[in-house]
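Reading the structure
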Amino acid sequence: QALLKLDSLHLEKIMCKDCVKQPFPDRDRMCLDSGAFLFNLTHCSKCQKTELGTDKYRRTEEEEDDRELIEYEHICQLCKHIVSQHKYEFWLEDGRQEYKMECLLCGFAEDSISIAPYDPRKASAFLCEL
């Protein structure tokens, strides 16, 4: 069984790349704070079933830099094999809401949204498309 070790955002993660079709797919701006990208799941490499669940859900808020961190494990509900560790992060920076997701199963994504009603970044992107 192939395990993948990463030191991402100061945490060591152990994940099984044999359980997924594509490790860390690019999800563009789709940052999930819950749930799973089931389309990317092949099956549990330990018991060959597709009964996915979550375990060890932890939500942390860091007051000094206004960050919210959500972590949990995607596990096989039948044999408790760890498929992937999911990490979601939210913070405020320079008048923007910043989002980041890292997960072997759900993928990698980042998003940035203005707090103000008018977002100059999105307006300029829209004008470029015309």
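Preceding this section is the structure that the text describes.
Here's what I pulled together on the structure shown here. (Residues numbered from 1 in each chain as written. Predicted model: local features only at pLDDT ≥ 70, side-chain atom pairs only at ≥ 80, totals over all residues. Heavy atoms only, no water.)

A few points about the pattern of salt bridges
- Tallied over the full model, the rule gives 6 salt bridges.
- For R29, the salt bridge identified is with D111, shortest N-O distance 2.9 Å. Of this pair, R29 sits in the loop between β2 (11-16) and β3 (52-62) while D111 sits in strand β7 (residues 107-114); the two residues are 82 residues apart in sequence, bridging distant segments of the chain.
- Its relative accessible area of 13% is what places D111 among the buried residues. (Salt bridge = Lys/Arg side-chain N within 4 Å of Asp/Glu carboxyl O. Helix = DSSP H or I, 4+ residues; strand = E, 2+ residues; numbered from the N terminus. Buried < 20%, exposed > 50% of the residue type's maximum accessible area, 1.4 Å probe, protein only.)

Examining a negative patch on the surface
- A grouping of E62, E63, E64 and D66 is seen on the molecular surface, where their side chains present a negatively charged patch.
- Mapped onto the secondary structure, D66 falls in the loop between β3 and β4 (67-76).
- Overall, the relative accessible area of 49% leaves D66 in the partly exposed class. (Patch = residues over 30% accessible without salt bridge, like charges linked within 9 Å, V, L, I, M, F, W, Y side chains within 5 Å. Areas by Shrake-Rupley, 256 points an atom, 1.4 Å probe, with all protein chains shown as cover. Lys, Arg positive; Asp, Glu negative; His and termini not counted. Charge placed at Lys NZ, Arg CZ, Asp CG, Glu CD.)

Examining the environment of H86
- You can see H86 is positioned in strand β5 (residues 82-93).
- Residue classification places H86 among the buried positions, given a relative accessible area of 1%.
- Residues H86 and T54 lie 32 residues apart in sequence; the distance between their C-alpha atoms is 9.5 Å.
- With residues near it in sequence (within four places) discarded, H86 still touches L32, I70, E71, Y72, H74, M101, E102, C103 and C106.
- Only 2.8 Å separates the side chain of H86 from the backbone oxygen of L32, close enough to count as a polar contact.
- Side chain to side chain, H86 and H74 meet in a polar contact 3.4 Å long. (Contact = heavy atoms within 4.5 Å. Polar contact = N/O pair within 3.5 Å; in protein donor to acceptor, adjacent residues only side chain to side chain.)

Geometry only, nothing functional implied.
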